[in-house]
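Each chain, letter by letter, is given below.
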Amino acid sequence: MGEVFEADHRTSGRRVALKVMNHALASPEDRKRFIREGRLAASVSHLNAVYIYGSEEIYGTPVIAMELVAGGTLKDRIKRSGPLPVTEAVEAALQIIDGLEAAHAAGVLHRDIKPANCFVTAEGAVKIGDFGLSISTLARGESLLTASGSVLGTPAYASPEQLRGEDLDVVSDIYSVGATLYHLLTGRPPYEATDFVKLITEVLDKTPPSPDKLRPEIPPGLSKVVVRSLAKNRGARFADYAAFRNALLPFISAPAAPAVLGLRFIAGVVDELAAWLPSVIWLVVTGTDSFDSVIIDRTVASVWIAGSFYLFALLYYAIPEGLWGASLGKALCGLRVVGTNRVAPGIWRAFLRVLIFSAPAVIGVLGSLLVHSKDDFVARQESSGMTAYFPFWSLSTIALWITIRRRNGFAGLQDLFTRTRVVIRHAAHERPLLKSTRAERDSSGATGEKLGPYEVIHSVGATDGGELLLARDPALRRIVWIFRTRPGTAPVPARRRDLNRPGRLRWLNGHRDESAAWDAYECPDGVSFSTLHGQPQPWSAIRFWLHDLAEEIAVGNRSGNPAPPLAANRIWITAAGRAVLLDFPYPAPAGPSPILREVDPTNFSAAQRFLHSFGTDALGGPADELPTALLPSHAVPLLRSLGEARFESPEFLLGNLGSVLDKQPVISRQRRAAALVFGPAFALLVSVIMGGLLHFAHTRSTRDWPEARFPGSAELRAELRILDWLILDDDTRRAFCINIAAQHGDIVLNPEFWAHPKVKESVSRDSRLLAEEAVRDYSDATRKRRAEAERQMAASSRSVARTERLVSYYVGFSLFWIMLTVVAIVDLGCCLVLGRDLFLHLFGIATVRRRGGTAGRLVLFGRNFVAWAFCYTALPAFVIWWSLLAATPPSTTMIVIGGLLMPAIVVAASASALVRPSRGFQDVVAGTRLVPR
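Because the structure is a prediction, the values reported are computed rather than measured. (Residues numbered from 1 in each chain as written. Predicted model: local features only at pLDDT ≥ 70, side-chain atom pairs only at ≥ 80, totals over all residues. Heavy atoms only, no water.)

## Thoughts on the overall build of the protein chain
Looking only at helices and strands, the protein chain features 36 helices and 21 strands. For the protein chain, with 933 residues in total, the buried portion stands at 49%. For the protein chain, the proportion of contacts with a sequence separation of at least 24, taken over those separated by at least 6, is 69%. (Helix = DSSP H or I, 4+ residues; strand = E, 2+ residues; numbered from the N terminus. Buried < 20%, exposed > 50% of the residue type's maximum accessible area, 1.4 Å probe, protein only. Contact = heavy atoms within 4.5 Å.)

## Overview of the side chain of Ser 641
Examined against the element boundaries, Ser 641 turns out to sit in helix α23 (residues 636-643). Contact partners of Ser 641, with chain neighbours within four places excluded, come to Gln 608, Arg 646 and Phe 647.

## Observations regarding the packing of aromatic side chains
Two measures describe an aromatic ring pair: the distance that separates the ring centres and the angle between the ring planes. According to the stated counting rule, one finds 24 aromatic pairs in the structure shown. With 5.0 Å between their ring centres and 15 degrees between their planes, Phe 238 and Phe 244 make a pair best called stacked. Residue Phe 238 is classed as buried on the basis of its relative accessible area, which comes to 4%. According to the relative accessible area criterion, Phe 244 is buried, its value standing at 0%. For the pair Trp 481 and Trp 572, a centre-to-centre distance of 4.7 Å together with 90 degrees between the ring planes defines the contact as edge-to-face. In this pair, Trp 481 sits in strand β14 (residues 478-485) while Trp 572 sits in strand β18 (residues 571-574), placing the two residues 91 residues apart along the sequence. Judged on exposure class, the residue Trp 481 and its partner Trp 572 are both buried. Through a chain of ring-to-ring contacts, three or more aromatic side chains come together here, namely Trp 481, Phe 483, Tyr 521, Trp 572, Phe 584 and Tyr 586. One cation-aromatic arrangement involves Arg 228 over Phe 238; the distance from NZ or CZ to the ring centre is 4.1 Å. (Phe/Tyr/Trp six-rings, centres within 6.5 Å; stacked < 30°, edge-to-face > 60°. Lys NZ or Arg CZ within 6 Å of the ring centre and 35° of its normal.)

## Focus on the pairing of strand β13 (residues 466-473)
For a regular strand, side chains alternate in direction, first toward one face of the sheet and then toward the other. Most of β13 is tucked away: 6 of the 8 residues are buried. Between strand β12 (residues 454-463) and the antiparallel strand that follows it, β13, lie 2 residues; Gly 465 among them carries a positive phi value of about 90 degrees. Sheet topology places β13 next to β14; 8 bridges connect them, and they run antiparallel. Across the sheet, the residue bridging to Leu 468 is Phe 483, located in β14. Taken together, β13 and the strand that follows it, β14, pair antiparallel across an intervening segment of 4 residues, in which Arg 477 is found at a positive phi of about 55 degrees. (Pairing = 2+ DSSP bridges.)

## Some details on the pattern of salt bridges
A side chain of one charge can pair with a side chain of the opposite charge when the charged atoms of the two come close. Enumeration according to the criterion identifies 39 salt bridges in this entry. A salt bridge links Arg 234 to Asp 169; the nearest nitrogen and oxygen atoms lie 3.6 Å apart. On the criterion of sequence distance, the pair formed by Arg 234 in the loop between α8 (220-229) and α9 (241-248) and Asp 169 in the loop between α4 (160-163) and α5 (170-186) is long-range, its members being 65 residues apart. (Salt bridge = Lys/Arg side-chain N within 4 Å of Asp/Glu carboxyl O.)

## Side note on a nonpolar patch on the surface
A surface patch of nonpolar side chains, about 520 Å² in accessible area, is lined by Leu 311, Leu 315, Ile 319, Leu 323, Trp 324 and Ile 347. It is helix α13 (residues 300-323) that provides the largest number of residues to the nonpolar patch, a total of 4 residues. Residue placement: Leu 315 occurs in helix α13. (Patch = residues over 30% accessible without salt bridge, like charges linked within 9 Å, V, L, I, M, F, W, Y side chains within 5 Å. Areas by Shrake-Rupley, 256 points an atom, 1.4 Å probe, with all protein chains shown as cover.)

## As for helix α6 (residues 196-205)
Residues of α6 that are buried include every one of Leu 199, Glu 202 and Val 203, and no others. Projection of α6 onto a plane perpendicular to its axis shows the buried side chains occupying an angular sector of 100 degrees, all on one side. Facing away from the buried side of α6, by more than 90 degrees, are the exposed residues Val 197 and Asp 205. Those residues of α6 that are buried are in contact with α4 and α5. (Arc of directions from axis to C-beta.)

## As for the packing of α8 against α9
The geometry of α8 relative to α9 is characterised by a closest axis approach of 10 Å and an angle of 160 degrees between their N-to-C directions. In terms of orientation, α8 and α9 fall into the roughly antiparallel class. Pair α8 / α9 crosses with left-handed handedness. Facing Leu 222, Val 225 and Ser 229 of α8, the residues of α9 in contact are Phe 244, Ala 247 and Leu 248. Partitioned by chemical class, the residues of the contact of α8 with α9 number 5 nonpolar, 1 polar and no charged. (Axes fitted to C-alpha atoms, helices over the stretch in contact; angles between N-to-C directions. Parallel < 35°, antiparallel > 145°, perpendicular 65-115°, else oblique. Left-handed = near helix turned anticlockwise from the far one by under 90°. Nonpolar A, V, L, I, M, F, W, Y, C, P; charged D, E, K, R; others polar.)

## Some details on the nonpolar core
Of all hydrophobic cores here, the largest spans 67 residues; its most connected members are Ile 96, Leu 185, Leu 222, Phe 244 and Leu 248. Of the residues forming this core, the biggest block, 11 residues, is contributed by helix α3 (residues 86-105). Not counting residues within four places of it along the chain, the set of residues in contact with Phe 244 comprises Ile 97, Ile 174, Val 177, Gly 178, Val 225, Ser 229 and Phe 238. (Core = buried A, V, L, I, M, F, W, Y, C linked by side-chain atoms within 4.5 Å.)

## Observations regarding the sheet that holds β12
The strand order β11-β12-β13-β14-β16-β15 describes an open sheet built from 6 strands, whose pairing is antiparallel. Unpaired on one side and paired on the other, β11 (450-451) and β15 (507-512) mark the two borders of the sheet. By the bridge criterion, 5 bridges tie β15 to strand β16 (residues 517-522) in an arrangement that is antiparallel. Its bridge partner being in β16, His 511 is matched across the sheet by Trp 518.

## Quick notes on the packing of helix α12 (residues 290-297) against α13
Where α12 contacts α13, the axes come no closer than 8 Å and their chain directions differ by 155 degrees. Classified by the angle between their axes, α12 and α13 sit roughly antiparallel to one another. For α12 against α13, the interelement crossing comes out left-handed. On α13, the residues touching Ser 290, Phe 291, Ser 293, Val 294 and Asp 297 of α12 are Ser 302, Val 303, Ile 305, Ala 306, Phe 309 and Tyr 310.

## With respect to the sheet that holds strand β2 (residues 14-21)
Strand order in the open sheet made by the 4 strands is β1-β2-β4-β3, with antiparallel pairing throughout. In this open sheet, the two strands that pair with only one neighbour each are β1 (2-9) and β3 (52-58). When strand polarity is set aside, the average angle formed by the axes of neighbouring strands in this sheet is 30 degrees. In terms of strand pairing, β2 meets strand β4 (residues 61-66) through 4 bridges, oriented antiparallel.

## Examining the environment of Gln 537
Tracing the backbone shows Gln 537 in the loop between β17 (526-528) and α21 (539-559). C-alpha of Gln 537 to C-alpha of Gly 615: the two residues are 78 residues apart in sequence and 9.5 Å apart in space. A polar contact of 2.8 Å, which involves the side chain of Gln 537, links it to the backbone oxygen of Gln 535. (Polar contact = N/O pair within 3.5 Å; in protein donor to acceptor, adjacent residues only side chain to side chain.)

## Describing unusual backbone geometry
Phi is positive for Asp 130, which is not a glycine, with a value near 55 degrees. Looking at the secondary structure, you find Asp 130 in the loop between β7 (126-128) and β8 (135-136). Unlike most non-glycine residues, Arg 477 shows phi in positive territory, near 55 degrees. Note on placement: Arg 477 falls in the loop between β13 and β14.

## As for α23
In an α-helix, one full turn covers 3.6 residues, which means residues spaced three or four apart are oriented alike. Those residues of α23 lying buried are Val 636, Leu 638, Leu 639, Ser 641 and Leu 642. The elements touched by buried residues of α23 are α21, α22 (604-619) and α24 (650-661). Just beyond α23, the residue with positive phi is Ala 645, at close to 50 degrees.

## Description of the confidence of the model for the protein chain
When pLDDT is low, close inspection of the predicted coordinates is not appropriate. Of all residues in the protein chain, 86% attain a pLDDT of 70 or more, and the chain-wide mean is 82. Per-residue pLDDT stays below 50 along residues 140-150; that stretch engages in 16 contacts with residues further than four places along the chain or on separate chains. (pLDDT = per-residue confidence, 0-100.)

## Some words on the pairing of β4
Where burial is concerned, most of β4 is hidden: 6 out of the 6 residues are buried. Residues Thr 61, Val 63 and Ala 65 point to one face of β4 and Pro 62, Ile 64 and Met 66 to the other, with burial holding for every one of them. Alignment of β3 against β4, held across 6 bridges, turns out to be antiparallel. Each residue of the ladder has a partner; that of Gly 54, found in β4, is Ala 65.

## Points about the side chain of Thr 574
If you trace the backbone, Thr 574 turns up in strand β18. Setting aside chain neighbours within four positions, we find Thr 574 in contact with Leu 434, Pro 524, Asp 525, Gly 526 and Val 580.

## Observations concerning the environment of Gly 844
Among the secondary structure elements, Gly 844 is positioned in the loop between α32 (838-842) and β20 (845-849). Placed 180 residues apart in sequence, Gly 844 and Gln 664 show a C-alpha to C-alpha distance of 9.0 Å. Sequence-distant contacts of Gly 844, that is, excluding residues within four places in its chain, are made with Arg 671, Val 931, Pro 932 and Arg 933.

## Examining the environment of Ala 105
Assignment of secondary structure puts Ala 105 in helix α3. Each C-alpha atom, one on Ala 105 and one on Ser 43, is 9.8 Å from the other, the two residues being 62 residues apart in sequence.

And the structure:
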């Protein structure tokens, strides 16, 4: 399209990169394409995109004035120094992604990303440039202005669909970023054929070698990310820039924060349940723990069975943690296992790690085999109710964690020995978009006045020292601000004209003569902070604004080009959620913010107090009062320190604000749901396991019952269980006894029947005495009484069989509520003894009073008593329901109603907390709020 020159712009005094259209391209269509490039590039205003200052014609030749980036391109860097260090290459790719994401948000698809089009500033920042092949995703008709009927792009970096001339989307640019990253890592593009036709064929059909094959120090995980971005099928690539960014973040230079113990505990519970699930199923179905079987049976078969379950648990951890850094529980909690190179440790190291972690189970079995005989082990198990290897297991488990310290990242022995750590997964800081109903600029209409190349639309309002105008750049079709000052005002200093900082507006142009003085600045979408007064903003956005302002103050003071005075009407909140300092006061509305007094940013103490007032005003409170109930507990000390100007330097302040950005700003519904479900899920798991044990024990005993040897004995056992379990009226009970004496007298009086192992195991001593008593008391019953009893038993036979089948379900259901009550008592005890809610604390949630301040023990107890109230109301209901079932045969309707009523109470009690995670029904009653810790 043309050539680029370094030039001085005489009007503005700025040094620019001037792109001059090739004289050979003289057709009207070529001129349209060139002008379109400038307009598309000008619509993108981002730190990682080359900025467009203006477009005009010089002697009839179109030119585009761009930001001059002095560090050359990434291609130049590779030619000069070879492949980039891995972390630098990844961070360069992340900056490219940021620039492309901003372009996509503005409706621009680049279509020509490659190292030669990625420019490097003197400070090392990477900017995308050369929008010559870009198209607008908002006006698809403009794509016809690319060479008609031609496929454009650089083949070595263009996606297969681009080379085929298909419709393109953001996934095509993701391919080009992947190809660029491949070049940065390996020093060569993915395809290197010198013949043009062969090169296109390779891009369409061949798969490039994995980057780690060309350069061994590249982590395999990073190679997989790059290879995925280069997939031939666009559906196999990353769906958007956010997914691509999150895949690259683990490979940046900044270390990940160590995982806190609460999250590790939750992840560990989930993982242990999943890892030993086959063993639990075996226990439920067979009634025997596989490790107990090794100690009791001491056979090869028992060792094979237990070993299989143990191997499954090892592989459950080793494969996902070795390949991807996270098993199920860690993935749900946002944790990763990493090695010294900050990536997944690999299968063999992960296998060794879990081998050490699971050693207590093996130590428990081996210790029991050495110390206890079979009979001693069984006797200890029956007397204590727990396995005899529990002491070996518990002591060795404690030994694993004696090394944990905050300074070593809470590393256990398995972490230290394998040189791994469990860390919080890197995640991009999602900056909330601005939510406001105000339209701060109206670009319709025009006054007819022109200032330089700009057409004035209307006056925004008068301010101290001048007037703010809204204008249009007709060449680039973008809106600008013009601040018109009094004639004779000094021009903007050269250092300000070239300023390129995220916390300041770009200065575009200016003019000074005896009759007029004005300066043109970019005009980003957004609102003045002063117009947000009285509209409380979320902390998730305010924390970014504070960081933006503090960063601008710090950079300005350090560079000798300080920020402008601090005031509410000098802060502009962009639509992208960034706080920008204006060089001029924005005309204040009728009800301005109370923090309009300008503060000198070089006075760091005063600047800190201003940031405190800014934060509290944004939260909707008085500028001198901190609304602690609206803040996460980790943010309260930060704002208090700002109000008291405790930070010694801007660097200390930025470090604290950066830490805040890494923490949860609000309680998500997912985290609140997890805290709600954890306790009931534990109770449900215990009840399901115990109910399952009872069910399968009954199934096994029924299957192995000696019915063939003792005909009618199965019916006898069922009748005895009914007499033993249910409360019957006297007539019904008498009918059971008469029937037992008449139908099963011979079996009851047969000592061989009671001596059979299955009978001894399944029928209690009390049941045997009951049967013998029935034969003794009713063996002489008349034929008539026997017939009446048989008719009565026949009428009850179906309900008897159904009750026999449902006993395990009744036991599991009752155990659920018993365990739930135990969980509630433990939680309430923690409130009184420790002053914290157990489950909320595990999930990083704190309880504060409605008007601020930490909730006390009694307040916590009252809140949690209300939260667990459904348990206290449902348990008596269950007792009444059980009594009704015991008195009369249960009907299907009663079972359904009873089975669904209590869960419905649980769901209803939890619904309010999920609708408003920070303030459920129990918080309304107790006058509390929930905030992130």
